Amino acid sequence: MENSLYTHNVGGLKNCYMCFDCGIAEDMMYGVRFSQAKSCIDCFEAHYTEASYDITTVYGCQKVFYSSESKNCSHCAFVYGCMWCANCIGCTNLVNQSYCIFNQQVTKEEFQRTWEELFSGKRSIVSSYRQKFEDLKKQTTRRQLTMTNCSDSIG
């Protein structure tokens, strides 16, 4: 433990603040149940994840924002249930996709413009993307159960 204030049930933290039930992490704030994470804020169950904000149940992600239930994604915002995706905004249940906005394929330039708009610093823009994403999630099929490395199991 090094320079980690207001933590509980933790181990191997460095420069962390208000973190609970976690281990092996650096530069984290306001997190619960994470491990092998670095430079994340407001996270719940983030493992092997870096430079992310407002995430829930993610694994192996980098630069992911406002997202949940995703695995091995990078440079994404507002994604749910996505795996091995890069450069996606407002997407659900995609696998191995790049440059998608609200589950539609776009050009690299269009994605970049949208990304810059989303992170322009205007709260109203983030709120409008969040609302559109929540509407899309309501129409999305959700997994009943997520199982990994479970042989002879019925889900």
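Look above for the structure.
A brief report on the enclosed structure follows.

Examining the overall build of the protein chain
Argument step 1. In terms of helices and strands, the protein chain carries two helices and 11 strands.
Argument step 2. Tracing the protein chain from N to C terminus, the helices and strands come up as β-β-β-β-β-β-β-β-β-β-β-α-α.
Argument step 3. The C-alpha atoms of the protein chain give a radius of gyration of 16 Å, which matches the 15 Å a tight globule of 155 residues would have.
Argument step 4. Once the C-alpha set of the protein chain is aligned to its principal axes, its extents read approximately 50 × 45 × 25 Å.
Argument step 5. The buried share of the protein chain, reckoned over its 155 residues, is 38%.
Argument step 6. Carbon and sulfur atoms provide 47% of the accessible area of the protein chain, an area that totals close to 9100 Å².

Section: the nonpolar core
Argument step 1. Counting residues in hydrophobic clusters, the biggest one holds 24 residues, and the most contacted among them are Met28, Phe34 and Cys88.
Argument step 2. Secondary structure elements with two or more residues in this core: β2 (17-26), β5 (41-47), β6 (53-59), β8 (74-80) and β9 (86-92).
Argument step 3. With three residues, β2 is the single largest residue contributor to this core.
Argument step 4. If sequence neighbours within four positions are ignored, Phe34 has contacts with Leu13, Cys19, Asp21, Cys22, Gly23, Ala25, Met28, Cys43, Ala46 and His47.
Argument step 5. Residues Phe65, Trp115, Ile125 and Leu136 belong to the second largest nonpolar core, which totals 17 residues.

Criteria and thresholds
- Residues numbered from 1 in each chain as written.
- Predicted model: local features only at pLDDT ≥ 70, side-chain atom pairs only at ≥ 80, totals over all residues.
- Heavy atoms only, no water.
- Helix = DSSP H or I, 4+ residues; strand = E, 2+ residues; numbered from the N terminus.
- Rg over C-alpha atoms; globule rule 2.2 N^0.38 Å.
- Buried < 20%, exposed > 50% of the residue type's maximum accessible area, 1.4 Å probe, protein only.
- Areas by Shrake-Rupley, 256 points an atom, 1.4 Å probe, with all protein chains shown as cover.
- Core = buried A, V, L, I, M, F, W, Y, C linked by side-chain atoms within 4.5 Å.
- Contact = heavy atoms within 4.5 Å.

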